[in-house]
Amino acid sequence: MHHFEVRFLEDADKFIAGLDSKIIRKIFYLLDIAQQTNDPKLFKKLRNEIWEIRIQYAGLQIRLLAFWDKTDTTSTLVLATHGFVKKTDKVPTKEIERAENIRKRYFELK
């Protein structure tokens, strides 16, 4: 049983489309696991309402940032805002702020 449904917003979709097919398969595999379990190694809250989906592949640290939309009564959505390859220990503040701005715009337009 899935606890939530994942949707990719435009920037996340473009980021994933540019990745190697093996990385894309791993992303979908890990998302499937995250939907069925509560594993903080895969899906972790960063700040405010922004979460990160953590993917490691061939030495790369790939991150998708996301937020929750619980306004629908039938299903809880997780919306991936965008992705990037992490080069430092911490998620850059500008990436979190970008996700927060996308989240704000999403709810304004909803």
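Here, the structure is the one placed above.
Small disclaimer: the values here were computed from a predicted structure and weren't measured.

1. Details of helix α1 (residues 10-17)
Then step 1. Looking at α1, one finds that the buried residues are Ala12, Phe15 and Ile16. End-on, the buried residues of α1 take up no more than an arc of 95 degrees, which puts them together on one face. Turned more than 90 degrees off the buried face of α1, the exposed positions are Glu10, Lys14 and Ala17.
Then step 2. Check the buried side of α1 and you find it contacts β1 (5-8), α2 (21-36), β4 (60-69) and β5 (77-86).

2. Some remarks on the side chain of Asp69
Then step 1. Inspection of the secondary structure puts Asp69 in strand β4.
Then step 2. In this structure Asp69 comes out as buried when scored by relative accessible area, which is 0%.
Then step 3. In terms of polar contacts, Asp69 uses its side chain to reach the side chain of Thr71, at 2.5 Å.
Then step 4. The residues touching Asp69, leaving out its near neighbours within four places in the chain, are Ser75, Thr76, Leu77, Leu79, Tyr106, Phe107 and Lys110.

3. Some thoughts on the sheet that holds β1
Then step 1. Read across the open sheet, the 5 strands follow the order β1-β5-β4-β3-β2; overall the sheet is mixed. Where the open sheet ends on each side, the last strands, each with one partner, are β1 and β2 (43-47). In this sheet, neighbouring strand axes are inclined to one another by 40 degrees on average, regardless of whether the strands run parallel or antiparallel.
Then step 2. When β2 meets strand β3 (residues 50-57), the two strands line up antiparallel, connected through 4 bridges. Residue pairing for β3: Lys45 is matched across the bridge by Trp51.
Then step 3. The sheet strands contacting α1 are β1, β4 and β5, and the helix crosses β5 at an angle near 45 degrees.

4. Topic: the environment of Glu52
Then step 1. Looking at the element boundaries, Glu52 is found in strand β3.
Then step 2. Linking Glu52 and Val78, residues 26 residues apart in sequence, is a C-alpha distance of 11 Å.
Then step 3. A distance of 3.0 Å separates the side chain of Glu52 from the side chain of Arg63, its partner in a polar contact.

5. Examining the packing of aromatic side chains
Then step 1. Across all of its chains, the model carries 9 aromatic pairs by this definition.
Then step 2. Taken together, a centroid distance of 5.2 Å and an interplanar angle of 25 degrees make the contact between Phe43 and Trp51 stacked.
Then step 3. Through successive ring pairs, a cluster of aromatic residues spans Phe4, Phe43, Trp51 and Trp68.
Then step 4. Across from the ring centre of Trp68, 5.2 Å away, lies the NZ or CZ of Lys70, which sits over that ring.

Each value, and the rule that gives it
Residues numbered from 1 in each chain as written. Predicted model: local features only at pLDDT ≥ 70, side-chain atom pairs only at ≥ 80, totals over all residues. Heavy atoms only, no water. Buried < 20%, exposed > 50% of the residue type's maximum accessible area, 1.4 Å probe, protein only. Helix = DSSP H or I, 4+ residues; strand = E, 2+ residues; numbered from the N terminus. Arc of directions from axis to C-beta. Contact = heavy atoms within 4.5 Å. Polar contact = N/O pair within 3.5 Å; in protein donor to acceptor, adjacent residues only side chain to side chain. Pairing = 2+ DSSP bridges. Axes fitted to C-alpha atoms, helices over the stretch in contact; angles between N-to-C directions. Phe/Tyr/Trp six-rings, centres within 6.5 Å; stacked < 30°, edge-to-face > 60°. Lys NZ or Arg CZ within 6 Å of the ring centre and 35° of its normal.

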